[in-house]
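Here's the letter readout for the chains.
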Amino acid sequence: MENFIRSSIKRKVLIVDDEMINRELLGAILGSEYEVRFAENGKQALEMLRHPEIDYSLVVLDLRMPVLDGFEVIKQCKADRELRQIPIIVATTEKSAEVKSISMGAADFITKPYDMADVILARCRRIIELSEDKTIIKYTEKDSLTGLYTKQYFDQYVHRLVKYVDNDMDVVELRVDGFGLLMDLYGREEGFRLLSAVAGLVSRDLAVSRGIACRTADNSIYVYLEHRDNYEEIVRGFQSEVSEKTGLAGIHLRAGIYEHIDNTLHPDVWFERARATCDRVCGRYENFTARYSRELHELSMYRHRLIGDMQDAIDNHDFMVYYQPKYNIQGDKPVLASAEALIRWKHRELGMLSPGDFIPLFEQNGLIRKIDGFVWREAAAQVACWKKTYGVSVPVSVNVSRVDIFDPKLPEKLSELTGEFGLEPHEFMLEITESAYSNDADGLIAVLKDLRGRGFKIEMDDFGSGYSSLNMLTTIPFDVLKMDMKFIRNMFRDEKSLKMVELVMDIASFLNIPVVAEGVEEQRQLDVLKQMGCAVVQGYYFSPPVPAGRFEQEVIKSANI
Ligand code: C2E
Ligand code: CA
Ligand code: CA
């Protein structure tokens, strides 16, 4: 890396002298290694040094000058918190002045006339090195586990490099996806062995002559390096190499890349960008890497905003529960059977937001439990209200996210809620999405058994949307199968698609479980479903989800009031 600094940087040196010949001589000597700038007197020098965007590594200062002399420059620099950091070498002919200037804080001196170019260059180089090392030396350099830099040292290092590097640079966050989980699974020691294996590859292939890397507090790796194009290939290679080396299964390496970094931004911003990008690619299987883009930036800002706004929205009653009717279609005329409660967010600035915008987000960070708790309570109160007002029971089904299922108190809480509003458990149905059934089947089975034991009816939502296996249908206890909307959407596309719907109906009939078809929009879909023996239908054909007040009209109609 030191080579990297030497080769790609040009530190700036300010030469201050009122005599042109001196400026030119010194400029010729130092110009071979540094970017040289000139000032003709002390006043001009101070102005240049105070420029907010230009950092100087060294000042070579003449002492006798008009307007403002060298001593005054030293004095003012030493009194200034920022300028104090820049080393000053005085250039003079007088012995006595040397002593005085050094005692005032100058770092070294060179004597005029400038005849020994090598000596002058060596002295300047040394003074710059000394001053840079002083700022960085107080941090521990290397992380003992991985051999990469420590985060603090790395931060200092990057700050220092930024000033000089003109090359096209990238920053990368490399992460072992689900590292915490792997630590639980294999133990801390294995986890750290894995991390240091990854770090080894980073040192070998990424942080070589033109990059540096560190380990972060949450066990990912940051790299600051010269731009390259083949990250996807590199990370894929790392993954197979590290899997083979450690013998651990299920390792997924993911990287977020912020390339062609904008040098006017603070380095912290670069790494935040790489991190937000890495978040996007974690937990997914298509790609090993993602690149930062403006759209991604806006999306992550938008998400942050929604998360930040949620608690206020709950307090201000900006969340609302809509109801969508489900009709029983088995008889001559469709009959209102129940409703599904669906959340809506009437955002004060962004307008009406649909659950697709925020539910996945809140599932990721656990906030969904609050939202669901709110919906359940609203829905339970609503069912009780209709019962009391119109004497009819309209069961409502609520959505139960897979995050809710991990709550050991879930069955108890739901019993308490229905008890509080005087509802029978079958009046409060639970829709659990199919993807919840894929991980931890045993835990889920136990929870569902408990819930059914208390009288709750379970609907398997989005059946056929992805993860389910036929085997699951026989091992997981549930009462109703909700066929995923896409079966209905595609049912007339070709013969195979229609057969799929038929197949789902057959399986349900074999298991003796009623089917709810959702997303029904057209008469002909309804007709065919009815023919196939589908019991209940939900969809725009009858009604979109509507506010409680509007749904009440349906309740009144169906009760013949
Ligand atoms: P879901 O549970 O599958 O809900 C059905 C979705 O289909 C609803 O979208 C509904 O408005 C929409 N839909 C109903 N009929 C039709 C139709 O005929 N055509 C079309 N194209 N769409 C129809 P919505 O309300 O936007 O909700 C989306 C998803 O968000 C829901 O899918 C559910 O997974 C989730 N969600 C909604 N509310 C809650 C909630 O309170 N808690 C949790 N955990 N998830 C919720
Ligand atoms: Ca649902
Ligand atoms: Ca569904």
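Higher on the page you've got the structure.
Conventions we followed
- Residues numbered from 1 in each chain as written.
- Chains lettered and ligands numbered in written order.
- Predicted model: local features only at pLDDT ≥ 70, side-chain atom pairs only at ≥ 80, totals over all residues.
- Heavy atoms only, no water.
- Near = heavy atom within 4 Å.
- Polar contact = N/O pair within 3.5 Å; in protein donor to acceptor, adjacent residues only side chain to side chain.
- Areas by Shrake-Rupley, 256 points an atom, 1.4 Å probe, with all protein chains shown as cover.
- Nonpolar A, V, L, I, M, F, W, Y, C, P; charged D, E, K, R; others polar.
- Donors = N, O, S within 2.8 Å, 3.2 Å for Na, K, Ca; no water.
- Helix = DSSP H or I, 4+ residues; strand = E, 2+ residues; numbered from the N terminus.
- Buried < 20%, exposed > 50% of the residue type's maximum accessible area, 1.4 Å probe, protein only.
- Contact = heavy atoms within 4.5 Å.
- Disulfide = S-S within 2.5 Å.
- 1 Å grid on protein atoms, 1.4 Å probe; cavity = no way out; pocket = protein on both sides within 12 Å on 5 of 7 lines; lining within 4 Å.
- Points joined across faces, edges and corners; volume = space filled by probe spheres on them.
- Axes fitted to C-alpha atoms, helices over the stretch in contact; angles between N-to-C directions.
- Parallel < 35°, antiparallel > 145°, perpendicular 65-115°, else oblique.

Caption draft 1: Geometry of the site of ligand 1. Residues in contact with ligand 1 amount to 22 residues; listed here are only the nearest, Arg-344, Asp-372, Met-485, Glu-521 and Tyr-540. Within the side chain of Asp-461, a nitrogen or oxygen atom sits 3.1 Å from an oxygen atom of ligand 1. Burial of ligand 1 by the protein amounts to 82% of the accessible area it has alone, namely 800 Å². Residue composition of the shell around ligand 1, by class: 10 nonpolar, five polar and seven charged.

Caption draft 2: Main features of the coordination of the calcium ion (ligand 3). The calcium ion (ligand 3) binds to the protein through Asp-461 (OD), Asp-462 (OD) and Glu-518 (OE), with metal-donor distances spanning 1.9 to 2.4 Å. Spacing between the donor residues of the calcium ion (ligand 3) along the chain follows D-D-x55-E. In this model, the calcium ion (ligand 3) sits 4.2 Å from the calcium ion (ligand 2), the two metals being bridged by Asp-461. In this pair, Asp-461 sits in strand β16 (residues 458-463) while Glu-518 sits in strand β18 (residues 515-518), placing the two residues 57 residues apart along the sequence. The exposure class of Asp-461 is buried, given its relative accessible area of 5%. Owing to a relative accessible area of 7%, Glu-518 belongs among the buried residues under this scheme.

Caption draft 3: Up close: helix α21 (residues 523-532). Among all positions of α21, only Gln-525, Leu-526, Val-528 and Leu-529 are buried. In the core, the buried residues of α21 are packed alongside β17 (480-483), α19 (485-489), α20 (495-511), β18 and β19 (536-538). A positive backbone phi angle near 95 degrees is found at Gly-533, which sits one or two residues after α21.

Caption draft 4: Structural view of the state of the cysteines. The full count for this structure, using the stated rule, is zero disulfides. Cysteine Cys-278 shares no disulfide, and the gap to the nearest cysteine sulfur, in Cys-282, comes to 4.2 Å.

Caption draft 5: A look at the layout of surface pockets. What the second largest pocket holds in volume is close to 1,300 Å³. Lining the second largest pocket are 36 residues, with Ile-54, Asp-55, Glu-82, His-159 and Lys-163 sitting closest to its centre. Those elements that place two or more of their residues in the lining of the second largest pocket are α6 (117-136) and α7 (151-162). Counted by class, the lining of the second largest pocket contains 13 nonpolar, 10 polar and 13 charged residues.

Caption draft 6: Geometry of the packing of helix α8 (residues 179-186) against helix α9 (residues 188-206). Where α8 contacts α9, the axes come no closer than 6 Å and their chain directions differ by 135 degrees. One finds that α8 runs oblique with respect to α9. Counted together, Phe-179, Leu-182, Met-183 and Tyr-186 of α8 and Arg-188, Glu-190, Gly-191, Phe-192, Leu-194 and Leu-195 of α9 form the full contact between these two elements.

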